[in-house]
Amino acid sequence: ARADRPFLATTTAAAEEDDDGVWSLEGGSQRVGPRRALSLATEYAFSPVTSAQVELARWRDRAAGETAHEAEFELKHLFNRIGRDGWGWGVVAALGFDKPDGRAWTRSGVSLAVPYTLPLWGGDGALHLNAGLDKPRGATREWRWAAALERELLPRTTFFAEAAREGDARLLHGGLRWWIRRERVALGLSLQRVRAGGERASGLVIGVGWYDL
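First, a word on what this report is: a plain description of the structure on this page. (Residues numbered from 1 in each chain as written. Predicted model: local features only at pLDDT ≥ 70, side-chain atom pairs only at ≥ 80, totals over all residues. Heavy atoms only, no water.)

**Remarks on the layout of surface pockets**
Here is step 1 of the chain: Each pocket or cavity is described by its volume, and for the second largest pocket that value is around 1,200 Å³.
Here is step 2 of the chain: If you go around the second largest pocket, you meet 44 residues; those closest to its centre are Thr 12, Ala 14, Glu 16, Arg 177 and Glu 183.
Here is step 3 of the chain: Residues that form the lining of the second largest pocket fall into these classes: 16 nonpolar, 12 polar and 16 charged. (1 Å grid on protein atoms, 1.4 Å probe; cavity = no way out; pocket = protein on both sides within 12 Å on 5 of 7 lines; lining within 4 Å. Points joined across faces, edges and corners; volume = space filled by probe spheres on them. Nonpolar A, V, L, I, M, F, W, Y, C, P; charged D, E, K, R; others polar.)

**Considerations on the pattern of salt bridges**
Here is step 1 of the chain: Under the criterion given, the structure shown has 5 salt bridges.
Here is step 2 of the chain: Close ionic contact of Glu 55 with Arg 5 constitutes a salt bridge, the shortest N to O distance being 3.0 Å. Of the two residues, Glu 55 is situated in strand β3 (residues 50-61) and Arg 5 in the segment before β1 (22-32); the sequence distance between them amounts to 50 residues.
Here is step 3 of the chain: Measuring nitrogen to oxygen at the nearest pair gives 2.9 Å for the salt bridge that ties Asp 134 to Arg 144. (Salt bridge = Lys/Arg side-chain N within 4 Å of Asp/Glu carboxyl O. Helix = DSSP H or I, 4+ residues; strand = E, 2+ residues; numbered from the N terminus.)

**Here's the deal with the nonpolar core**
Here is step 1 of the chain: Membership of the largest hydrophobic core is limited to 6 residues, which are Leu 8, Ala 9, Ala 146, Ala 164, Leu 171 and Val 205.
Here is step 2 of the chain: Here Val 205 is in contact with Leu 8, Ser 29, Gln 30, His 173, Gly 188, Leu 189, Ser 190 and Gln 192, once residues within four sequence places are set aside.
Here is step 3 of the chain: In terms of nonpolar packing, the next biggest core, distinct from the first, is built from 5 residues, Val 32, Ala 37, Ala 57 and Ala 201 among them. (Core = buried A, V, L, I, M, F, W, Y, C linked by side-chain atoms within 4.5 Å. Buried < 20%, exposed > 50% of the residue type's maximum accessible area, 1.4 Å probe, protein only. Contact = heavy atoms within 4.5 Å.)

**Considerations on the sheet that holds strand β2 (residues 35-47)**
Here is step 1 of the chain: Ordered by their spatial adjacency, 12 strands build a closed barrel running β1-β2-β3-β4-β5-β6-β7-β8-β9-β10-β11-β12, and the pairing between neighbours is antiparallel. Pairwise comparison of adjacent strand axes, ignoring direction, gives a mean angle of 20 degrees for this sheet.
Here is step 2 of the chain: Direction of pairing for strand β4 (residues 66-78) relative to strand β5 (residues 88-100): antiparallel, over a ladder of 11 bridges. The residue of β5 that forms the bridge with Phe 73 is Leu 95. (Pairing = 2+ DSSP bridges. Axes fitted to C-alpha atoms, helices over the stretch in contact; angles between N-to-C directions.)

**A few points about the side chain of His 173**
Here is step 1 of the chain: Structurally, His 173 can be placed in strand β10 (residues 169-181).
Here is step 2 of the chain: His 173 gets classed as buried once you look at its relative accessible area, which sits at 4%.
Here is step 3 of the chain: A distance of 2.7 Å separates polar atoms of two side chains, one belonging to His 173 and the other to Glu 162.
Here is step 4 of the chain: Looking at His 173, its side chain comes within polar contact range of the side chain of Ser 190, at 2.7 Å.
Here is step 5 of the chain: Apart from the residues lying within four places of it in its own chain, the contact partners of His 173 are Pro 6, Phe 7, Leu 8, Phe 160, Ala 161, Glu 162, Ser 190, Leu 191, Gln 192 and Val 205. (Polar contact = N/O pair within 3.5 Å; in protein donor to acceptor, adjacent residues only side chain to side chain.)

**Overview of the pairing of β4**
Here is step 1 of the chain: Of the pairings in the sheet, the one linking β3 to β4 comprises 12 bridges and is antiparallel in character. The residue bridging Ser 51 from the neighbouring strand is Lys 76, located in β4.
Here is step 2 of the chain: Hairpin connection of β3 to β4: 4 residues between the antiparallel strands, including Gly 65 at a positive phi of 70 degrees.

**Focus on unusual backbone geometry**
Here is step 1 of the chain: Going from Arg 5 to Pro 6, the amide bond is cis rather than trans, its omega being 15 degrees.
Here is step 2 of the chain: Among the secondary structure elements, Pro 6 is positioned in the segment before β1.
Here is step 3 of the chain: Backbone geometry at Trp 121 places phi at a positive 55 degrees, although glycine is not the residue there.
Here is step 4 of the chain: Position of Trp 121 among the secondary structure elements: in the loop between β6 (106-120) and β7 (125-136).
Here is step 5 of the chain: The class for Trp 121 is partly exposed, based on a relative accessible area of 39%.
Here is step 6 of the chain: Phi at Glu 183 takes a positive value of approximately 65 degrees, unusual for a residue other than glycine.
Here is step 7 of the chain: Within the element layout of this structure, Glu 183 appears in the loop between β10 and β11 (185-196).

**Side note on the packing of aromatic side chains**
Here is step 1 of the chain: Applying the stated criterion across every chain, the model contains 7 aromatic pairs.
Here is step 2 of the chain: When the ring of Phe 7 is compared with that of Phe 160, the centres are 5.7 Å apart and the planes differ by 85 degrees; the resulting orientation is edge-to-face. Residue Phe 7 is located in the segment before β1, and its partner Phe 160 is located in strand β9 (residues 157-166); the two are separated by 153 residues in the primary sequence.
Here is step 3 of the chain: Of the residues examined, Phe 160 reaches a relative accessible area of 6% and is grouped as buried.
Here is step 4 of the chain: Relative to Tyr 44, the ring of Trp 23 lies with its centre 4.8 Å away and its plane at 50 degrees, an arrangement referred to as tilted. One end of the pair, Trp 23, is in strand β1; the other, Tyr 44, is in strand β2, with 21 residues separating them in the sequence.
Here is step 5 of the chain: Taking the relative accessible area as the measure of exposure, Tyr 44 reaches 24% and is therefore partly exposed.
Here is step 6 of the chain: The ring of Trp 59 is capped by Arg 35, whose NZ or CZ atom sits 4.2 Å from the centre of that ring. (Phe/Tyr/Trp six-rings, centres within 6.5 Å; stacked < 30°, edge-to-face > 60°. Lys NZ or Arg CZ within 6 Å of the ring centre and 35° of its normal.)

Okay, structure coming up:
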């Protein structure tokens, strides 16, 4: 949640000029330690600079034998365009809900973040930086940040890496994204490593996305 694929924690600020009244659909599976998750997200671009996204996820902890569901609603607005200014920035607001086994849906928290994107390597890659604030329900506010790099090193194949921190939780994540059909269909494969509460876990992320629908 709160990320633009192929990333897990980083939002981009790149306005695509043809993103006007179009949909995208992304599905994924990830494993981190004993936890497994399946997710599905859909996004609608009202214009190249304004979009809304809904994401649903189902988590299962095999060690604890517990299952939980999550939902997030996100609205993103960019204040400029890379094609005009050479860089982009904006604001992202999100509202989250969760549903543990046997319980009703409840609001899990709200968040606000500022994404920044700078194209690199003549447009073959980019640097993405995020800074934001989370307010989990019933807990104190937590600052978070994320930084990511991506670059196309092979035809239709982009390599990426990101690092992020939210409260005491830290994430390292990286892999590759292959465009089966450029700007239309993409397949991602990556590895992640998470540290939180003094514990560490690693895992695999697989994702597929359909764009400009």
